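Inside the fold
Single-letter residue listing:
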Amino acid sequence: MTISYNWLHDYLPQTLDPERLSRILTSIGLEVESLEKYESIRGGLSGVVIGEVLTCIQHPNADKLKITTVSIGGKEPLQIVCGASNVAAGQKVVVATVGTTLYPLQGAPMTMRLAKIRGVESQGMICAEDEIGTGNSHEGILVMPENALPGSPAADFFHPYSDWIYEIGLTPNRMDAMSHYGVARDVCAYLTHHVAETKVKAPFVNGFSADNQLLPIKVRIENPADCQRYAGVSISGVKVAESPKWLQNRLQAIGLRSINNIVDITNFILHETGQPLHAFDADKIEGGEVIVKNLPEGTPFVSLDDKERKLSSEDLMICNAREGMCMAGVFGGLHSGVTSATRNIFLESAWFHPVSIRKTSVRHDLRTDAATRFEKGVDISQTVQVLKRAALLIKEIAGGSIASDIVDIYPDPKPKAEVSLKNHYLKKLSGKNYHSDAIKRILTSLGFEVIREGQDEIRVAVPYSKPDISIPADIVEEILRIDGLDNIEIPATITISPAVEKLHLQESLRDKLAGYLVGQGFAEILTNSITNSQYYDESVLSGTVKMINNLSEELNVLRPSMVETGLESIAYNLNRRNSNLQLFEFGKTYATTGVGQYQEEEHLCIYLTGFTHEDSWREKGKAMDFFRIKGLAKALMDLCGLEGIRMENAGQQLTLKQGTDILGNLEQLPVQKCQLFGIKQPVYFLDIRFEALRKAVENRKIRYQEVNRFPVMQRDLAMVVQKSVTYAAIEQSARQQKLPKLVDMRLFDVFQSEKIGKDKQSVAVNFLFSDTEKTLTDKEVDKMVSKLIEGFEKDLGAEIRK
């Protein structure tokens, strides 16, 4: 939400400096995210003065330069070298003196310095309009009117507008603060509570009356559920033109473009009061009647942006007797809006149902300021007041006369909500004792009406501007806000009740794994769980959760796999020359097995690509390979204290198993999949099913044993086997020998050569033996090695190398 300091002070009875106002706003829950200086002309023309050209002669050393003497009201004129073709003696001009900084519309700021140009000293610059920021022309210097006074500041002539602009972070429930008047009301409530009674200066005026009845327009509501109140008034004889400067300044300061006086007034009222308005060309309202209704499904409608849209039967429309004119509360139509030829207008002020407006806005991807206000709820009680305010402004600025009485259709007036607040409940939630007078003062300053006041209770009627307030806790929040969120008391002692943390194991396991991976040089990523359906084929999409009101065409399904979103992150980094990546992510995938039947599963996914590290003087980086991701999978299982982990072939993947439970899988991602994201280097992927891993960790049996006091015996064994034999098969054969004193084994060499055999390889394995009761003898170890050899020869057809 953007708030103008100057505009806000139209409704405050006293002036607050920008910094103090910023602190007040943040204290009352309207957090100021930024405070910036706004200038319609950057620099405010500081140091720029009006000058008079006294003489103008040709530069002796340059055909296109002139030497001028310029009076700026001092004793001595300035000598300025000028390259403009239109400079001449007797002109009144704009001069930037030495030391002045100019902010041209294009290019970097420039500071005037004493300079020599082709050997002639120049004591400033005669400016073109684009150089001082007042226009776009650079065809020559800016020649001022004859009545311009030499030596006077240029700012006195151009009147640059300056302001302070606040960006406020509003929570979704604070629709009452989505306007300057609403924010001013909160500030006045704060001042009333902390300083002295301060009344907000309301923009509404009394004494409204129609000038004539020359342009009556009827109103009919056919959908009173979605349009609970509709008011309108006709204004004839208006002149659509440029807005006055004060109105342009107000709008431009908060980032709005000035269009014409009628449209600008509706935008001004929107940001002043929070009430959206719409102006129709009254001559285009066929039948002289406005009808609020829904049109049939698929009805074509050409909107203000010249696009034909197919309407839904749920879209609320403002229609004339023949066709739709406007998408209610969202966007106008091309053929009913105000143009330069418009002379008569019908001005609308209404209350539309937030849900209806939200659906239409999202359905047609039209996120307008009006829709944003309506979907959060506007103040239904000020519908007519705002209409009167706008009509009088139009009459004042655009001329014309009010050509009808106000039509106000409000078939079922809404009563104010009533809420009771007990003092002990306020103390319980706020931790602070409030005097009953302070409570009453805060609430009445915010527009609440006291219905009943007791010794320990107050009952209030909630203003229509606060539709989110319905329970006592909401009233407590209002009191705390105005008292100042910074003033919440902190007790001297804090007591807590011991509780069992249900997710302790899950979170500690997550922290343990993340800490290990970060220590290994990995970076954690967080990707969007909503992704693009184009990444998947029909067989996958049949079980995918599809978005109904997706924000874009590219984000339309919940991801069924973590691969694609991870590849997006890898591609993003590769495109920025960050090619060596070790990434991990905790995230969820989603699936559906039917209407209303959804599943989600948590994963720990790891991505490797590029080299292990950059080349250095000691060693070159090694390319990531499948064995690195496989070793990482084993290390993570060891870190979790899991035993009996197997890695089984499953097509192009290895599956991590413990017993019959699948804990995850690892693979080199297919080249075609990587190319879909523009990735040309190999990517290795480990997907751990986090819930299955958690259960395995939870069910593990923790054993404690004394550190072995006896030495470990080692034996190396080299054997020739078929190339198809995997190390997992060697491990399995060794386990089948059931040697309890074999404590570990590891592969330390693989050798392939034609001398060994075309389809054969030599593998070397190191075996560790130990006994917890005694020191093993060579004879005992050799016996166990012999048993291993027999097993390898029988199971694998191995040939032992001597």
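About the cut-offs
- The residue numbers shown here count from 1 along each chain, following its written sequence.
- Only residues with pLDDT of 70 or above have their local features reported here, since the model is predicted, and side-chain atom pairs are shown and tallied only from 80 upward, although totals for entire chains, interfaces and linings are computed over all residues.
- To get the side-chain values, all heavy atoms of the structure are used, and hydrogens and water are removed first.
- Helix numbers and strand numbers start at the N terminus; a helix is a DSSP run of H or I with at least 4 residues, a strand a run of E with at least 2.
- Three labels apply to residues, based on accessible area from a 1.4 Å probe with only protein chains included: buried if under 20% of the type maximum, exposed if over 50%, partly exposed otherwise in between.
- For this analysis, residues touch if any pair of their heavy atoms sits within 4.5 Å.
- Under the counting rule used here, the positive set is Lys and Arg, the negative set is Asp and Glu, and His together with the chain ends is not counted.
- Where a charge lies is defined by one atom per residue type, namely NZ (Lys), CZ (Arg), CG (Asp) and CD (Glu).
- Pairing between strands requires that DSSP locate at least two bridges from one strand to the other.
- Angles here are taken between N-to-C directions and fall from 0 to 180 degrees, while the axes themselves are lines fitted to C-alpha atoms, restricted in helices to the stretch in contact.
- Picture the helix axis, draw a direction to every C-beta atom, and the arc is the one those directions span.
- Put simply, a nonpolar core is a bunch of buried Ala, Val, Leu, Ile, Met, Phe, Trp, Tyr and Cys residues held in one set by side-chain atoms that sit within 4.5 Å of each other.
- We call two N or O atoms a polar contact when they sit within 3.5 Å, provided that within protein one can donate a hydrogen and the other can accept it, with sequence-adjacent residues counted only if both atoms are side-chain atoms.
- When the centres of two rings from Phe, Tyr and Trp lie within 6.5 Å, Trp using its six-membered ring, the rings pair. Their planes under 30 degrees apart give stacked, over 60 give edge-to-face, and anything left gives tilted.
- Each angle gets one of four labels, with under 35 degrees taken as roughly parallel, over 145 as roughly antiparallel, 65 to 115 as roughly perpendicular, and the rest as oblique.
- Working rule for handedness: look at the near helix, and if it is turned counterclockwise from the far one by less than a right angle, call the crossing left-handed; if clockwise, right-handed.
- Gly is put with the polar residues, along with every residue not named as nonpolar or charged; the nonpolar set is Ala, Val, Leu, Ile, Met, Phe, Trp, Tyr, Cys and Pro, and the charged set is Asp, Glu, Lys and Arg.
- Helix span, expected: 1.5 Å multiplied by one less than the number of residues in the helix.
- Salt-bridge detection follows one rule: a side-chain nitrogen of Lys or Arg within 4 Å of a carboxyl oxygen of Asp or Glu.
- By disulfide we mean two sulfur atoms from cysteines, separated by a distance within 2.5 Å.

Let us look at the overall build of the protein. For the protein, the helix and strand inventory stands at 21 helices and 41 strands. Classification of the 802 residues of the protein by burial places 47% in the buried group. By sequence separation, contacts in the protein at least 24 residues apart represent 69% of the contacts at least 6 residues apart. A gap of 5 Å separates the mean positions of the 91 positive and 103 negative side-chain charges of the protein.

The subject of this paragraph is the sheet that holds strand β26 (residues 418-422). With respect to topology, 3 strands assemble into an open sheet ordered β26-β28-β27, the strand pairing being antiparallel. Strand pairing shows two members of the sheet lacking a second neighbour, β26 and β27 (449-453), which therefore form its edges. Strand-to-strand twist across the sheet, computed as the mean angle between neighbouring axes with direction ignored, equals 25°. Judged from the 4 bridges that link them, β27 and strand β28 (residues 457-461) form a sheet pairing that is antiparallel. Within β28, the residue paired with Glu-453 across the bridge is Ile-458. Where helix α13 (residues 472-483) meets the sheet, it contacts β26 and β28, and its direction lies at approximately 70° from that of β26.

Quick look at helix α20 (residues 727-735) now. All of the buried residues along α20 are Tyr-727, Ile-730, Ser-733 and Ala-734. End-on view of α20: buried residues confined to an arc of 120°, all on one side of the axis. As for α20, its buried residues are in contact with β39 (742-751), β40 (760-769) and α21 (778-796).

Nonpolar side chains in soluble globular proteins tend to end up buried together. Counting residues in each nonpolar core, the largest one holds 74 residues, and the members touching the most others are Leu-25, Val-187, Ile-394, Ile-475 and Ile-479. In contact with Ile-394, other than residues within four places in its own chain, are Ile-235, Val-238, Ile-262, Ile-265, Ile-345, Leu-347 and Gly-399. Formed by 36 residues, the second largest nonpolar core is a distinct cluster that contains Cys-227, Leu-295, Met-325 and Tyr-410.

Taking every second residue as pointing to the same face, both faces of strand β20 (residues 316-319) are buried, with Leu-316 and Ile-318 on one and Met-317 and Cys-319 on the other. Summarising the sheet, strand β17 (residues 289-294) and β20 pair through 4 bridges and their orientation is antiparallel. Looking across to β20, one finds that Asn-294 is bridged to Leu-316. The sheet contact formed by β20 and strand β21 (residues 324-327) spans 3 bridges and is antiparallel. Bridge pairing in β21 places Ile-318 opposite Cys-326. Connecting β20 to the next strand, β21, in antiparallel fashion are 4 residues.

One non-glycine residue with positive phi stands out, namely Leu-45, at about 60°. Mapped onto the elements of the fold, Leu-45 is located in the loop between β2 (31-39) and β3 (48-58). Residues other than glycine seldom take positive phi values, yet Lys-738 does so here, at roughly 50°.

On to the side chain of Ser-122. By the element assignment, Ser-122 lies in strand β10 (residues 120-122). Among the polar contacts made by the side chain of Ser-122, one reaches the main-chain amide nitrogen of Val-81 at a distance of 3.1 Å. One polar contact links the side chain of Ser-122 to the main-chain carbonyl oxygen of Gly-124, over a distance of 3.2 Å. Not counting residues up to four positions away in its chain, the partners in contact with Ser-122 are Gln-79, Ile-80, Val-81, Arg-113, Leu-114, Ala-115 and Ile-117.

Another point: the packing of aromatic side chains. Following the criterion strictly, the structure yields 13 aromatic pairs and no others. Seen from their ring centres, Tyr-11 and Tyr-181 are 6.2 Å apart, and the 80° between their planes marks the pair as edge-to-face. With Tyr-11 in the loop between α1 (5-8) and α2 (18-27) and Tyr-181 in helix α5 (residues 180-194), this pair connects stretches of sequence that are 170 residues apart. Both residues of the pair, Tyr-11 and Tyr-181, count as buried. An aromatic cluster is defined as three or more aromatic residues linked by ring pairs; in this entry it consists of Trp-7, Trp-246 and Phe-268.

Put simply, α20 and α21 touch, their axes get as near as 9 Å, and they point 125° apart. Here α21 runs oblique to α20, going by the angle between their axes. In this structure, the crossing between α20 and α21 has a hand that is right-handed. Of the residues in α21, those in contact with Ala-729, Ile-730, Ser-733 and Ala-734 of α20 are Leu-788, Gly-791, Phe-792, Asp-795 and Leu-796. Partitioned by chemical class, the residues of the contact of α20 with α21 number 6 nonpolar, 2 polar and 1 charged.

Taking 1.5 Å per residue as the helical rise, helix α14 (residues 504-519) with its 16 residues ought to reach 22 Å, and the 22 Å between its terminal C-alpha atoms agrees with that figure. Check the buried side of α14 and you find it contacts β32 (581-594), β33 (597-609), α17 (626-639) and α19 (690-699).

It is worth spelling out the environment of Ala-650 at this point. Structurally, the position occupied by Ala-650 is in strand β34 (residues 645-650). Relative accessible area serves as the criterion here: at 37%, Ala-650 is assigned to the partly exposed category. C-alpha of Ala-650 to C-alpha of Ser-533: the two residues are 117 residues apart in sequence and 26 Å apart in space.

Next up on the list: the sheet that holds strand β14 (residues 218-221). Across the sheet, which stays open at both edges, the 5 strands sit in the order β14-β17-β20-β21-β22 with mixed pairing between neighbours. The two strands at the open ends of the sheet, each matched to only one other strand, are β14 and β22 (331-332).

Counting through the fold element by element, Gly-107 comes out in the loop between β7 (101-102) and β8 (110-111). Sequence spacing of Gly-107 and Ile-80 is 27 residues, and the spatial spacing of their C-alpha atoms is 22 Å.

Right, let's get into the side chain of Lys-432. Assignment of secondary structure puts Lys-432 in the loop between α11 (423-430) and α12 (436-445). Side-chain polar atoms of Lys-432 contact the side chain of Asp-483, separated by 2.7 Å. Apart from residues lying up to four places away in sequence, Lys-432 is in contact with Leu-426, Lys-427, Asp-483, Asn-487 and Glu-489.

It is possible for side chains bearing opposite charge to pair when their charged atoms get close. Enumeration over the complete set of coordinates arrives at 43 salt bridges. Residue Lys-657 is joined to Glu-648 by a salt bridge in which the shortest nitrogen-to-oxygen separation is 3.3 Å. For Glu-648, a relative accessible area of 29% gives the class partly exposed. Two residues, Arg-715 and Asp-782, come together in a salt bridge whose shortest N-O distance is 3.4 Å.

It is worth spelling out the packing of α2 against α5 at this point. Running from amino to carboxyl end, α2 crosses α5 at an angle of 90°, the nearest separation of the two axes being 10 Å. Looking at the two axes, α2 sits roughly perpendicular to α5. Here α2 contributes Arg-20, Leu-21, Ile-24, Leu-25 and Ser-27 to the contact with α5, which in turn contributes Val-183, Val-187, Tyr-190 and Leu-191. Of the residues belonging to the contact of α2 with α5, the class tally is 7 nonpolar, 1 polar and 1 charged.

This paragraph deals with the state of the cysteines. Counting across every chain of the model gives 0 disulfides. Counting only cysteine sulfurs, Cys-56 is the nearest neighbor of Cys-82, a cysteine outside any disulfide, at a range of 7.4 Å. Cys-605 forms no disulfide, and the closest cysteine sulfur to it belongs to Cys-674, at a distance of 14 Å.

What follows deals with the environment of Leu-666. Along the chain, the position of Leu-666 falls in strand β36 (residues 661-668). For Leu-666, a relative accessible area of 0% translates into the label buried. For the pair formed by Leu-666 and Val-743, sequence separation is 77 residues and the distance between their alpha carbons is 27 Å. Ignoring any residue separated from it by four or fewer positions in sequence, one finds Leu-666 in contact with Phe-626, Ile-629, Lys-630, Ala-633, Gln-653, Leu-654, Leu-656, Phe-685 and Leu-686.

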